[in-house]
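Structural overview
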Amino acid sequence: MSMRGPSSRVALLLVVVVICAASLELGARLAGYRPWPRHGRLLGVSEGLHRVDPVLGWRKQSGRFQIERFGRKLEVNHWSSDRRATAASQTAHSSRVLVIGGSFAYGLGLSDDETFPWLMQHIYPGVEWLNLATSGYGTYQALLSLESYLDESTQPPALVIYGYNWFHAERNVATESWQYAMAISSPGIRLKLPFVSLDSNGNLEKGVHVYPNWPLKRSSAVVALMERVWNKWQVLGRADQAQAATRELIREMDALSRSRGSEFLVMVMGRGDDLDYFEESGIALSLIHI
């Protein structure tokens, strides 16, 4: 009996644990939670549109692509140096306009010849329009791509246009909801999301966040839920700094552009958050209603 007693208690404990785990899993699924998805294509990494980058998180992959988005078949051409095509062929000009930003400026859901940098290239053929905007970018990643371009180019652009959207603010501080969206869009790839925060003096601090990768989350809704709750706790309060941090980033963009002899323009694409701030700061502003 002394040999069988402990074994029986262990077996009973295991049965109880399994029943509890199964009950929790069933409850989570009935509540609408699901295990971690195995496939995603928001960033287009699986289609070759983008590649992982240690600094920016991801960047455009060079090449020609025929893809389908929002029920439309699209022609997408990424030139070298992280640019989207703005003409049928590349032609250098002495005067350049550089476009940075996220999916609206990039032209997500549009073929090359439907994007606004392509249309502007057609209207102003004597100016070289460079589209460095990338789907999913916020202000901070746009600033990083601007810094990279200016460091590598011997010819600063005459004008830098930042395509601003109000939702870039949450991307800049890598809120939990944005981290989650990026993580499920590219399962199997642990993206390094660049983000900023503000120190006690209101100065920008720059860092990188990698979404956690708990075992069993691709088969258990409970594990996936617990992982997300834990990550929410890790970044608690970050969203409160989003607007102030975004303002500081745009100020850096403006200062950097002017230090290289370039004019700087914020193109508000959609909802006009922070318009008063831009005007009070003396930052050139243009509105596009989308």
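Residues numbered from 1 in each chain as written. Predicted model: local features only at pLDDT ≥ 70, side-chain atom pairs only at ≥ 80, totals over all residues. Heavy atoms only, no water.

Some remarks on the layout of surface pockets
Test applied: In this analysis the probe radius is 1.4 Å and the grid spacing 1 Å, with only protein atoms considered; a cavity is a set of points the probe fits into but cannot get out of, a pocket is an open set with protein on both sides within 12 Å along at least five of seven lines, and lining residues have an atom within 4 Å of a point. Grid points are joined across faces, edges and corners, and a volume is the space filled by probe spheres set on the points. Per the convention used, a helix needs a DSSP run of H or I reaching at least four residues, while a strand needs a run of E reaching at least two, with both numbered from the N terminus. For this scheme, ten residues count as nonpolar: Ala, Val, Leu, Ile, Met, Phe, Trp, Tyr, Cys and Pro. Four count as charged, namely Asp, Glu, Lys and Arg, and the remainder, Gly too, count as polar.
One number sums up the size of the largest pocket: a volume of about 270 Å³. Lining the largest pocket are 14 residues, and of these S81, D82, L132, Y149 and E152 sit closest to its centre. Listing elements by their share of the lining of the largest pocket, those giving two or more residues are β7 (128-131) and α4 (139-152). Looking at the lining of the largest pocket, its residues break down into four nonpolar, four polar and six charged.

Quick look at the confidence of the model for the protein
Short version of the rule: Per-residue confidence from the predictor is reported as pLDDT, which spans 0 to 100.
The predicted model of the protein averages 88 in pLDDT, with 94% of residues at 70 or higher. Averaged pLDDT values over the elements of the protein bottom out at 74 in strand β12 (residues 284-288) and peak at 97 in strand β6 (residues 96-101).

Side note on the packing of helix α6 (residues 176-185) against helix α7 (residues 221-234)
Definition in use: Interaxial angles span 0 to 180 degrees and are taken between N-to-C directions of axes, which are lines fitted to C-alpha atoms, for helices over the stretch in contact. Working rule for angles: under 35 degrees goes down as roughly parallel, over 145 as roughly antiparallel, 65 to 115 as roughly perpendicular, anything else as oblique. Crossings are classed by handedness, with left-handed meaning an anticlockwise turn of the near helix from the far one by less than a right angle and right-handed meaning a clockwise turn. We call two residues in contact whenever any of their non-hydrogen atoms come within 4.5 Å of each other.
Axis separation between α6 and α7 bottoms out at 9 Å; the angle between their running directions is 140°. In this view, α6 runs oblique relative to α7, as classed from their interaxial angle. For the pair α6 and α7, the sense of crossing is right-handed. Residues E176, S177, Q179 and Y180 of α6 form the contact with α7, whose own contacting residues are R228, N231 and K232. Across the contact of α6 with α7, the residue classes break down as one nonpolar, three polar and three charged.

Quick word on the pairing of strand β11 (residues 263-269)
Applied cut-off: A simple rule labels every residue: compare its accessible area, found with a 1.4 Å probe on the protein chains alone, to the largest value its type can have, and call it buried under 20%, exposed over 50%, or partly exposed in between. Strands are treated as partners if at least two bridges between them are detected by DSSP.
With six of seven residues buried, β11 is to be regarded as a mostly interior element. Summarising the sheet, strand β8 (residues 159-164) and β11 pair through six bridges and their orientation is parallel. Paired with I161 across the bridge in β11 is L265.

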